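Per-entry structural report
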Amino acid sequence: MNDRQRLLSERLEEYKEQTGSEICARFDRMLSECSSFHIGGPAECALYPSNAEQLRVALDAAQYAGMPVFVAGNASNVLFDDEGYRGAVIFTSAMHNTSADSESCTVTADAGAMLSGVAACAQRAGIAGLEYLHGIPGTLGGGIYMNCGAFGGQISENLVSCTYLDTESGAVVTETPDKLGFAYRSSIFMQGGRIILGAVLRGEAGERDSIKQQMEEHMAYRFGTQPLDFPSAGSVFKRYPGYYTSRLIEEAGLKGRAVGGAEVSLKHAGFIINRGGATAADVRELIDIIKDEIFRANGIHIECEIIFAPKA
Ligand SMILES: Cc1cc2nc3c(=O)[nH]c(=O)nc-3n(C[C@H](O)[C@H](O)[C@H](O)COP(=O)(O)OP(=O)(O)OC[C@H]3O[C@@H](n4cnc5c(N)ncnc54)[C@H](O)[C@@H]3O)c2cc1C
């Protein structure tokens, strides 16, 4: 253990002694084992708070130890660095309470609840309109940060309110979606300084069996069109207005193009897959090649949807 890890551990131990409650901490955690891309070196520490209070304690402990913090949900849209992260990666995955209210057609969930779990909870309560979240392999917090969407739905459109921690002031704030700067795959949370704690989503009254059928159809479509048998972070690029980026990549003859272990999927040109042993450097180089080729062929600059986690 280095000095920072010792300090962090000391703080977590104090918290345990005072409250009897423990925050799961893993030192030198390989981020390749935590991300859907299976890429990334070690994090000085990975922390797994199970509620908002523990999240605050984790932040405080990291600050005490002089560690920067990166917050992750299920790391399904993140490319971690090959050198890992010199600091604390706080995963929200242990914050996952989810409940539904059939009368108001709402689902209330913590930030770390998986989107598929949110959709399943809605289905059980007879709430339609959230089926599109089923199969997006991320958390509610990550989904709101990204303003994720699929099959014509977008999470901001179902959001009633979102509760977050303002890391500057320490205040817990609840806002309606009009205050959260949502646009296509974009939100105010990308400006930093806010950690999503939970949210309320609204659907509409529906019939359980048809909701379930819709979810199964979405999943079948994913299995038929996406390379789900390889590690990836989903679609690498955002849509460019008026274009399907994956079609542009395909038309540029880039399907199957590889750098090291990273390859443009033969099944879905919008995905870069890790066909074994890919590094973040491989993925970055392949992304640069794709961007250059698309610019040469179409004169447009496509943007990445995936998030490049910093090294520290
Ligand atoms: C096979 C596959 C299919 C996919 N299909 C889709 C799809 O159909 N539609 C779609 O939109 N996306 C899709 N994705 C991408 C991804 O699953 C979504 O963007 C998802 O919403 C990310 O959630 P996450 O919890 O994994 O976030 P992460 O990848 O962990 O984080 C993403 C960003 O959100 C931030 N963040 C996470 N949690 C919080 C929090 N609580 N507070 C503040 N910031 C936070 C992180 O710092 C990071 O910058 C797919 C990915 C894969 C691998």
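Every value quoted in this text rests on a predicted model; they were computed, and no experiment measured them.

Turning to the packing of helix 3 (residues 115–124) against helix 6 (residues 208–225), a few remarks are in order. At their nearest, the axes of helix 3 and helix 6 sit 8 Å apart, and the two run at 155 degrees to each other. By the criterion of interaxial angle, the relationship of helix 3 to helix 6 is roughly antiparallel. Note on element contacts: helix 6 touches helix 3 through R208, I211, K212 and M215, opposite A119, A120, Q123 and R124. Counted by class, the contact of helix 3 with helix 6 contains four nonpolar, one polar and three charged residues.

Bringing the domain arrangement of the chain into the picture now. According to the domain assignment, the chain consists of domain 1 (3–91), domain 2 (98–210) and domain 3 (227–302). Here domain 2 and domain 3 have C-alpha centroids that lie 28 Å from each other.

To continue, consider the environment of D110. Mapped onto the secondary structure, D110 falls in strand 7 (residues 106–110). Those residues in contact with D110 that lie beyond four places of it in its chain are M95, H96, N97, L140, L197 and G198.

Within a sheet, adjacent strands bond to each other through the backbone by hydrogen bonds, running parallel or antiparallel. Strand order in the open sheet formed by four strands is 1-2-5-3, with mixed pairing between adjacent strands. Taken across any chain shown, the strands that pair with only one partner, and hence form the sheet edges, are strand 1 (24–30) and strand 3 (69–72). Strand-to-strand twist in this sheet, taken as the mean axis angle between neighbours without regard to direction, amounts to 25 degrees. Taken together, the six bridges between strand 1 and strand 2 (residues 42–48) define a ladder with antiparallel strand orientation. The partner of A25 across the bridge, within strand 2, is L47.

Turning our attention to the site of the ligand. Residues in contact with the ligand amount to 38 residues; listed here are only the nearest, V71, G73, S76, T139 and G149. Residue V71 places a main-chain N or O atom 2.6 Å away from an oxygen atom belonging to the ligand. A distance of 2.6 Å separates an oxygen atom of the ligand from a polar side-chain atom of T139. For the ligand, the accessible surface in isolation is 970 Å², of which the surrounding protein chains cover 94%. Secondary structure elements with two or more residues in the shell around the ligand: strand 3, helix 4 (140–146), strand 9 (149–150), strand 13 (194–202) and strand 15 (232–235). For the shell around the ligand, the element with the most residues is helix 4, which contributes five residues. Partitioned by chemical class, the residues of the shell around the ligand number 19 nonpolar, 15 polar and four charged.

Time to look at the pattern of salt bridges. With the rule as written, the count across this model stands at 13 salt bridges. E305 is the partner of R185 in a salt bridge, and the nearest nitrogen-oxygen pair spans 3.6 Å. Here the residue R185 occupies a position in the loop between strand 12 (172–175) and strand 13, and E305 occupies one in the loop between helix 8 (280–298) and strand 19 (307–308), the gap between them amounting to 120 residues. Under the relative-accessibility criterion, E305 is labelled buried at 14%. Of the charged contacts, one joins E263 and R275 as a salt bridge, the two residues approaching to 2.7 Å between their closest N and O atoms. Of the two residues, E263 is situated in strand 17 (residues 262–264) and R275 in the loop between strand 18 (271–274) and helix 8; the sequence distance between them amounts to twelve residues. Judged by relative accessible area, E263 falls into the buried class, the value being 11%.

The rules behind each value
- Residues numbered from 1 in each chain as written.
- Predicted model: local features only at pLDDT ≥ 70, side-chain atom pairs only at ≥ 80, totals over all residues.
- Heavy atoms only, no water.
- Axes fitted to C-alpha atoms, helices over the stretch in contact; angles between N-to-C directions.
- Helix = DSSP H or I, 4+ residues; strand = E, 2+ residues; numbered from the N terminus.
- Parallel < 35°, antiparallel > 145°, perpendicular 65-115°, else oblique.
- Contact = heavy atoms within 4.5 Å.
- Nonpolar A, V, L, I, M, F, W, Y, C, P; charged D, E, K, R; others polar.
- Domains from an automatic or database assignment.
- Pairing = 2+ DSSP bridges.
- Near = heavy atom within 4 Å.
- Polar contact = N/O pair within 3.5 Å; in protein donor to acceptor, adjacent residues only side chain to side chain.
- Areas by Shrake-Rupley, 256 points an atom, 1.4 Å probe, with all protein chains shown as cover.
- Salt bridge = Lys/Arg side-chain N within 4 Å of Asp/Glu carboxyl O.
- Buried < 20%, exposed > 50% of the residue type's maximum accessible area, 1.4 Å probe, protein only.

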